[in-house]
Amino acid sequence: MGNLFSTATIFGIIGMAIRLAMPYLYAGLGELFNQAAGCFNLGVEGIMMMGAFSAFYVVYQTGNLLLGIIAAAVVGLLMGLIMSLISVTFKAAQGISGIGLTMFGVGLSSLLFKTLLQGTVLSVSGFTPIKIPFLGDIPYIGETFFQNNLMVYLAYCLIPVCSIVLYKTTLGLKIRSVGQNPQAADTLGVSVIKIRYLCVCIGSILAGIAGATFSIANINMFQEKMTNGTGYIAVALVYFSGWKPKGVLFGALLFSFVNALQLRMQVLGINIPSDIAMMLPYILTIVTLIFVQSRDAPAALSVPYERSEN
Amino acid sequence: MSKKFSIMILFVCVVMTLLSVPVLAEDEVFQVAMVMPSKINDYSFSQSMYEALKVLQSEAGEDSFEIVYSEDMFNVADAREAIRDYADMGFDLVIAHGSQYGTSIQEIAPDYPETAFAWGNGTDFFGLDNVSVYQASAEQGGYVFGQIAAAVSENGKLGVCGPVESGDAKTYIDGFKNGAAEAGAEVSVTYTSSFSDVSLMSAAAETHMDEGAMVLTGTSQSIPGAVSVVKERDGLWLGVQWDTIPLAPENVLVSLVYDWTPILDEIIGNMAEGVYGGAAYDLTFENGGLQILWNTENLDIDQELIDMADDLAQKIVDGEIVPLPAG
């Protein structure tokens, strides 16, 4: 049995948690934008799968990683427009339409995989780690925090960006007011429809990019259903976060840390049943949810907006 | 309105009748249906059976050996309906290629005594004379691969990425651990509790390699995730169930291929003699069902290593080596 408390092991677990948190951050922050404006998008998983496939396919054809990310973002945007049309314009039940979008995305990505790649598992050269000068040379810390790929760095940079947008800008104020009280926002001249379209599209673009991180910034291959429920966990993380970017960061890191920890415990031969080990991240998330109850939930979350004409 | 409705009913009946004619005419064709939890190209369990059926089809000719299949039947309720549908349609042999399909077979098979059912990795044919069960003696390959991995590892550390602690995944891993331990290597094992989570499988492989294991093995449809990490970090991978060399030609040393053709030959041969089941079959080195496929095309592999593996396999066949530890 190895030593779980050795410096190398502890930093190894932290490093893996930082990398594993990447898709949760993109998808979770995207869903945060959705929900801040009062839209509940359960289609994240489907958008992620389409993002994963489109990024992989473009990189496989062109070898250009930037094009892959752009493709995932564009596909995410298109799916966001579909979601907006259904849930904002047509005012359909958001939960149901989101599930529909997930089924559509998962199914279409499988179909495209079979038709364009003959269902063959192929690999591409994805994003490689970038060592930050000087910082990357610090023992343990450098390897853990400053030798990651570009998409990992960008995911963490998104946290302050989202905080600033949501809490320090006029746009953020409009978004939050639409999520809390769309009637009042409308009275003050804020276009509820436009803001909701914008947020759903931002969220979907980030979900598409989250999918791309699987296929070109982590595993560097495409396989059907490879996101394996990450989209649903991202939705749960937004509740966990108390609808705040730093909460998404904390939740994503906690979930990923426990996942990395249980894998390391298995490798080190620490005698714990594997099924229990696998349940740990989920158990911890549920327990934390019980204690973390936020009063900041958008009051109009998942409520379609009907403009009063009288 | 009622006249139109009657015409529609008549039309549907005519179409149904016409559609059934080719089936009757094709009675000479041996029809096999396969229900599987993943894909026919999963580099794993499902692909091994599909490829075996294709071999039999190429031998018999496409006109006289028909294969149909249902993929992604991880949901047992869906699989049960598919199995019943194939039996209804009069298929000669219905293969339920997943350990989770046992209760479905037990429920459906008595209703179709003229259809042969095969269940893998099955454990029991429930006393039914139209049900056969088959499974792989994966521990045999596991033992040999444990010895191979120990021989090629520079530091004696080996990693195993498993899905769940059951079925042939577990017996392979147990055999691997035993073989490696007898060769003096240290084995760490992770289970992801999933057959499909490629991301977690990738993280598991990364964890093994972080702890110094550069020679890894694993089983399930999610192993492409682990192989991608091995490829990226230039380690060695030992594949199981099907040929995994195409996933990483420079990193896959060897694959333990399940070749189900000997067992299918036996099942179909028995059917020709009017025996539709009531038997259990094991895939072993002895019957040629377990095959060691070396990546000699891309890697420079020591002939002594190949000879050692062949020798160990022969000793297992001869009963000189017991792959699993006693008890």
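Note that this is a predicted model, so its numbers are computed, not measured.

How each quantity is defined
- Residues numbered from 1 in each chain as written.
- Chains lettered and ligands numbered in written order.
- Predicted model: local features only at pLDDT ≥ 70, side-chain atom pairs only at ≥ 80, totals over all residues.
- Heavy atoms only, no water.
- Helix = DSSP H or I, 4+ residues; strand = E, 2+ residues; numbered from the N terminus.
- Expected span 1.5 Å × (residues − 1).
- Buried < 20%, exposed > 50% of the residue type's maximum accessible area, 1.4 Å probe, protein only.
- Polar contact = N/O pair within 3.5 Å; in protein donor to acceptor, adjacent residues only side chain to side chain.
- Contact = heavy atoms within 4.5 Å.
- Phe/Tyr/Trp six-rings, centres within 6.5 Å; stacked < 30°, edge-to-face > 60°.
- pLDDT = per-residue confidence, 0-100.
- Pairing = 2+ DSSP bridges.
- Axes fitted to C-alpha atoms, helices over the stretch in contact; angles between N-to-C directions.

**Some points on helix H7 (residues 198–210) of chain B**
All names here are of chain B.
Part 1: Relative to the 18 Å expected for 13 residues at 1.5 Å per residue, H7 spans 18 Å between its end C-alpha atoms, a close match to the ideal helical length.
Part 2: With twelve of 13 residues buried, H7 is to be regarded as a mostly interior element.
Part 3: Two or three places before serine 199, at the start of H7, stands the capping residue aspartate 197, its side-chain oxygen 3.3 Å from that residue's backbone nitrogen.
Part 4: Just downstream of H7 lies glycine 212, where phi reads positive at about 100°.

**Re the side chain of glutamine 241 of chain B**
Part 1: With respect to the secondary-structure elements, glutamine 241 of chain B resides in strand S9 (residues 236–241).
Part 2: Here glutamine 241 of chain B is in contact with Ser44, Phe45, Ser48, Asp168, Thr219, Ser220, Leu256, Val257 and Tyr258 of chain B, once residues within four sequence places are set aside.

**Quick word on the packing of aromatic side chains**
Part 1: Within this structure, the stated rule accounts for 22 aromatic pairs over all chains.
Part 2: Measuring from ring centre to ring centre gives 6.2 Å for phenylalanine 74 of chain B and phenylalanine 195 of chain B, while their planes differ by 55°; the resulting arrangement is tilted. Separated by 121 residues along the polypeptide, phenylalanine 74 of chain B in the loop between strand S2 (65–70) and helix H3 (76–88) and phenylalanine 195 of chain B in the loop between strand S7 (186–191) and H7 bring together distant segments of the chain.
Part 3: Of the residues examined, phenylalanine 195 of chain B reaches a relative accessible area of 29% and is grouped as partly exposed.
Part 4: For the pair tyrosine 172 of chain B and phenylalanine 176 of chain B, a centre-to-centre distance of 6.1 Å together with 40° between the ring planes defines the contact as tilted. You can see tyrosine 172 of chain B and its partner phenylalanine 176 of chain B sitting in helix H6 (residues 167–182), four residues apart, about one turn around the helix.
Part 5: Looking at tyrosine 172 of chain B, the relative accessible area reads 1%, which means it is buried.
Part 6: Residue classification places phenylalanine 176 of chain B among the buried positions, given a relative accessible area of 0%.
Part 7: What links up through ring pairs into an aromatic cluster is the set Phe53, Phe56, Tyr57, Tyr60, Phe113 and Phe222 of chain A.

**Section: the confidence of the model for chain B**
Residues and elements named next belong to chain B.
Part 1: The predicted model of chain B averages 91 in pLDDT, with 92% of residues at 70 or higher.
Part 2: Confidence over residues 20–26 falls short of pLDDT 50; this stretch has one contact with residues more than four positions distant or in other chains.
Part 3: Among the scores for the predicted complex, ipTM is 0.86 and pTM is 0.86.

**Re the sheet that holds S9 of chain B**
Pairing between sheet strands relies on hydrogen bonds along the backbone, with the strands arranged either parallel or antiparallel.
Residues and elements named next belong to chain B.
Part 1: Read across the open sheet, the six strands follow the order S7-S6-S8-S9-S10-S12; overall the sheet is mixed. One side of each edge strand has no neighbouring strand; the edge strands of this open sheet are S7 and strand S12 (290–294). Across the sheet, the mean angle separating the axes of adjacent strands is 15° when strand polarity is ignored.
Part 2: Bridge count between S9 and strand S10 (residues 252–258): five bridges; the pairing is parallel. Following the sheet pairing, tryptophan 237 is matched in S10 by valine 252.
Part 3: In the packing of helix H5 (residues 138–152) onto the sheet, the strands contacted are strand S6 (157–162), strand S8 (215–218), S9, S10 and S12, and the crossing angle to S10 comes to about 170°.

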